[in-house]
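Analysis of the macromolecular model
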Amino acid sequence: MKNITDRHQFILQKLKEEGRATIQELSDLMKVSGVTIRKDLKLLEDKSLIFRTKGGASMTNPYAGDRPINEKALINSEEKKRIARAALELIKDSDSIMIGSGTTVFQLAQILAPTRPLTVITPALKVGLELSSKPNIEVLQLGGLIRPNSSSVAGSHAIRVLEEISCSILFIGVDGIDPNFGVSISNLAEATVNQKMLETAQTVVILTDSTKFGKRGLGRICGLDQVNYIITDSNVSSSMVKKLEENDIKVIIV
């Protein structure tokens, strides 16, 4: 496929169908050099048609921004409610769970109503306030510097407490899930706390709507090999689900 117009149409169609593609993949499919593909991708990006990524390209911006929590709450709100209801089914007779920050996991806090005593550990101020007056729930609120964008704490105070505890299930929200980069959020300080939270949990559950797939935040939390479940909405691509399942992740689609 030597014609530049044909190549560009092929690349755009490939990205439209799959969301992303690597330079090697496009080179093999069109039987042209990697140098040619890189030039094609730059031209397409200059026209604001695609986003170049490390080793390939994406149809959507792969880098997640740090939006205020009130703004995030308005995005895909119905999907987030369904995701939270599915997450609720994973809580059995656990005596302790951890709920991170973010609008999707906050939906879980809103509907949480255990019939038996349950301890909830959280760095998120909104989660702690939501649960503090509910029966059968004891809240361990992590301390530290509160970030205005997320209403969640970060810093060494929270990490020191996390070194002394353990929990059954960790429910976290993320800003990006990339098969190569792993799981990430948009703030480096919060990423450090989330890394420590993962160390305390026997089971790690990510609650995220489908817009977060293929994106990367500034702070990497972990690789996919450390995740047990991902609960998301039905707009996630089948190719992404396959990649996740290849990493032994149980994907629950609502």
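Here's a quick rundown of the structure. (Residues numbered from 1 in each chain as written. Predicted model: local features only at pLDDT ≥ 70, side-chain atom pairs only at ≥ 80, totals over all residues. Heavy atoms only, no water.)

**Let's talk about the packing of helix α1 (residues 4-18) against helix α3 (residues 34-46)**
The relative placement of two packed helices is expressed as an angle between their axes plus a distance between the axes. Closest axis-to-axis distance for the α1/α3 pair is 11 Å, and the angle between their directions is 75°. Taken together, the axis directions place α1 and α3 in an arrangement best described as roughly perpendicular. Residues I4, R7, H8, I11 and L12 of α1 touch α3, and the partners they reach there are T36, D40, L41, L43 and L44. Its residues assigned to classes, the contact of α1 with α3 shows 6 nonpolar, 2 polar and 2 charged. (Axes fitted to C-alpha atoms, helices over the stretch in contact; angles between N-to-C directions. Helix = DSSP H or I, 4+ residues; strand = E, 2+ residues; numbered from the N terminus. Parallel < 35°, antiparallel > 145°, perpendicular 65-115°, else oblique. Contact = heavy atoms within 4.5 Å. Nonpolar A, V, L, I, M, F, W, Y, C, P; charged D, E, K, R; others polar.)

**Considering the sheet that holds strand β10 (residues 176-178)**
Reading across the sheet, the 3 strands line up as β10-β11-β13 and stay open at both edges, with antiparallel pairing between neighbours. Because the sheet does not close on itself, it has two edges, and the strands there are β10 and β13 (219-222). Within this sheet the neighbouring strands show an average axis-to-axis angle of 35°, counted without direction. Along the sheet face, helix α9 (residues 188-200) touches β11 (182-185) and β13 and points at about 5° away from the line of β13. (Pairing = 2+ DSSP bridges.)

**Overview of unusual backbone geometry**
At K31, a residue that is not glycine, the phi angle is positive and equals roughly 55°. Here K31 lies in the loop between α2 (23-30) and α3. Phi is positive for D248, close to 60°, though the residue is something other than glycine. One can find D248 in the loop between α10 (238-246) and β15 (250-253).

**Some remarks on the sheet that holds strand β3 (residues 56-58)**
The pairing of strands in a sheet happens through backbone hydrogen bonds and is either parallel or antiparallel. If you trace the 3 strands from one edge of the open sheet to the other, you get β1-β3-β2, paired in antiparallel fashion. Looking along the sheet, the strands with just one partner apiece sit at the ends: β1 (20-22) and β2 (51-53). Between one strand axis and the next, the sheet turns by 20° as a mean value, whatever way the strands run. Sheet analysis places β1 next to β3, joined by 3 bridges and oriented antiparallel. Residue R20 lies in a different strand from β3, and its bridge partner there is S58. In the packing of α1 onto the sheet, the strands contacted are β1 and β3, and the crossing angle to β1 comes to about 125°. Each of β1 and β3 is contacted by α2, which is oriented at about 75° to β1, the strand it contacts most.

**What to know about the pairing of strand β4 (residues 96-99)**
Across the two faces of β4 the burial is the same, with S96 and M98 and I97 and I99 all buried. Sheet topology places β4 next to strand β5 (residues 118-122); 3 bridges connect them, and they run parallel. Bridge assignment links M98 to a residue of β5, and that residue is I121. Of the crossover connections in this fold, the one passing from β4 over helix α6 (residues 103-111) to the parallel β5 is right-handed. Taken together, the 3 bridges between β4 and strand β9 (residues 167-172) define a ladder with parallel strand orientation. (Buried < 20%, exposed > 50% of the residue type's maximum accessible area, 1.4 Å probe, protein only. Right-handed = clockwise from strand over helix to strand, strands pointing away.)

**Considerations on the pattern of salt bridges**
Where charged atoms from two side chains of opposite charge come close, those side chains can pair. All told, the structure shown has 11 salt bridges when counted by the stated rule. Note that D178 is salt-bridged to R20, the shortest N-O span being 2.8 Å. Here D178, found in strand β10, pairs with R20, found in strand β1; they are 158 residues apart in sequence, far enough to count as distant. Two residues, E78 and K81, come together in a salt bridge whose shortest N-O distance is 3.6 Å. (Salt bridge = Lys/Arg side-chain N within 4 Å of Asp/Glu carboxyl O.)

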